[in-house]
Amino acid sequence: MTSETSDADFHATLHSLRVWDTRLPTFDPDTAPTDPLPLFREWLVDAAKAGQLEPHTMTLATVDAEGRPDVRTLMLHDADERGWHFASHATSVKGRQLAARPDAALGFYWPAVGRQIRLRGRVTACGPEESRADLAVRSRGALAAALTGHQSEVLPSLADLAEASAAAWARAGAEPDAVAPTWTRYVLDATEAEFFQGDAARRHTRLHYRRTPTTPWTRTLLWP
């Protein structure tokens, strides 16, 4: 394939894509709860029931030492009164960035229902006991990945990864309670949350929640 053909194919495909070619749910912000957590849980369940694949995947945005934004996709482990939970190695890029600058943002997008949720707040690292418990309830594959370690470090070759992964899988099978010392559970305590309901006519509904240390949640509608 020539570069010209590749370029033409890319743009033809890109401009042929359509959004929300399905019936979308309605959302009445007047009926939304005063706290964003119940609405988040409701929307995640609705997305799963609508057939959305992996509705618990989310983007995490952090900032590095130079103030440059960074983003990646990972899994939600829980959402409760403490906040939105996820986990990673404390020695990873995101772990180091969160240790230095704990303000972060989360994003969820569920095209099956035309909905997205944005959250901003401060992230706290949980202690060793809770972090070990987080890993203990996950699959053997998740444990093996954590035991492989070296997350975000330079990888000399895929052969090195295969060797380390095989050893980690074997250990995870023999020691299902094995500890990955740097594995850490994190919690984002949201101070802002936005719920976006898409509309085929582009009359999108956006409901924004905000709170401060001294004030409860307030709700505001935003222009699309």
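This text goes with the structure placed above it.
Because the structure is predicted, anything quoted here is derived from the model rather than measured.

Describing the pattern of salt bridges
Scanning the entire structure with this criterion turns up 13 salt bridges. Of the charged contacts, one joins glutamate 130 and arginine 82 as a salt bridge, the two residues approaching to 2.7 Å between their closest N and O atoms. Of this pair, glutamate 130 sits in helix 4 (residues 128–136) while arginine 82 sits in the loop between strand 3 (78–80) and strand 4 (83–89), and the two are 48 residues apart along the sequence. Residue class for arginine 82 comes out partly exposed when judged on its relative accessible area of 42%. Members of the salt-bridge network, linked through shared partners, are Asp64, Glu66 and Arg68.

Some details on the nonpolar core
In terms of nonpolar packing, the biggest core is built from 31 residues, with Phe40, Trp84, Phe108, Trp110 and Leu119 touching the most fellow members. Taken together, the elements giving at least two residues each to this core come down to helix 2 (36–49), strand 1 (57–63), strand 4, strand 5 (103–110), strand 6 (115–125), strand 7 (183–197) and strand 8 (205–212). When residues in this core are grouped by element, the largest group, six residues, is from helix 2. Setting aside residues no more than four positions away along its own chain, phenylalanine 108 makes contact with Phe40, Pro55, His56, Thr57, Met58, Leu76, Trp84, Arg115, Gln116, Ile117 and Leu119. Of all hydrophobic cores here, the second largest spans 11 residues; its members include Ala144, Ala146, Ala172 and Ala178.

So, a nonpolar patch on the surface
On the surface, a cluster of nonpolar side chains totalling about 310 Å² of accessible area is made up of Phe10, Leu14 and Leu17. Locating leucine 17 in the fold gives a position in the loop between helix 1 (3–16) and helix 2.

With respect to unusual backbone geometry
Positive phi is not limited to glycine here, since glutamate 54 has a value of about 45°. Relative to the assigned elements, glutamate 54 resides in the loop between helix 2 and strand 1. The phi angle at arginine 202 is positive, at roughly 65°, despite the residue not being glycine. Its location among the elements puts arginine 202 in the loop between strand 7 and strand 8.

Some details on the packing of aromatic side chains
In this structure the tally under the stated criterion is 10 aromatic pairs. Arranged with centres 5.3 Å apart and planes meeting at 85°, the rings of tryptophan 43 and phenylalanine 195 form a pair that is edge-to-face. Highlighted residues: tryptophan 43 in helix 2 and phenylalanine 195 in strand 7, separated in sequence by 152 residues. Judged by its relative accessible area of 0%, phenylalanine 195 is buried. An angle of 85° between the planes, with centres 6.1 Å apart, marks the rings of tyrosine 209 and tryptophan 217 as edge-to-face.

Focus on the pairing of strand 2 (residues 69–75)
Inspection of the sheet shows strand 1 paired to strand 2 by seven bridges, in the antiparallel sense. Along strand 2, the bridge assignment pairs threonine 59 with threonine 73. Where strand 1 folds back onto strand 2 in an antiparallel hairpin, the turn is made up of five residues, including glycine 67, whose phi is positive at roughly 85°.

The rules behind the values
- Residues numbered from 1 in each chain as written.
- Predicted model: local features only at pLDDT ≥ 70, side-chain atom pairs only at ≥ 80, totals over all residues.
- Heavy atoms only, no water.
- Salt bridge = Lys/Arg side-chain N within 4 Å of Asp/Glu carboxyl O.
- Helix = DSSP H or I, 4+ residues; strand = E, 2+ residues; numbered from the N terminus.
- Buried < 20%, exposed > 50% of the residue type's maximum accessible area, 1.4 Å probe, protein only.
- Core = buried A, V, L, I, M, F, W, Y, C linked by side-chain atoms within 4.5 Å.
- Contact = heavy atoms within 4.5 Å.
- Patch = residues over 30% accessible without salt bridge, like charges linked within 9 Å, V, L, I, M, F, W, Y side chains within 5 Å.
- Areas by Shrake-Rupley, 256 points an atom, 1.4 Å probe, with all protein chains shown as cover.
- Phe/Tyr/Trp six-rings, centres within 6.5 Å; stacked < 30°, edge-to-face > 60°.
- Pairing = 2+ DSSP bridges.

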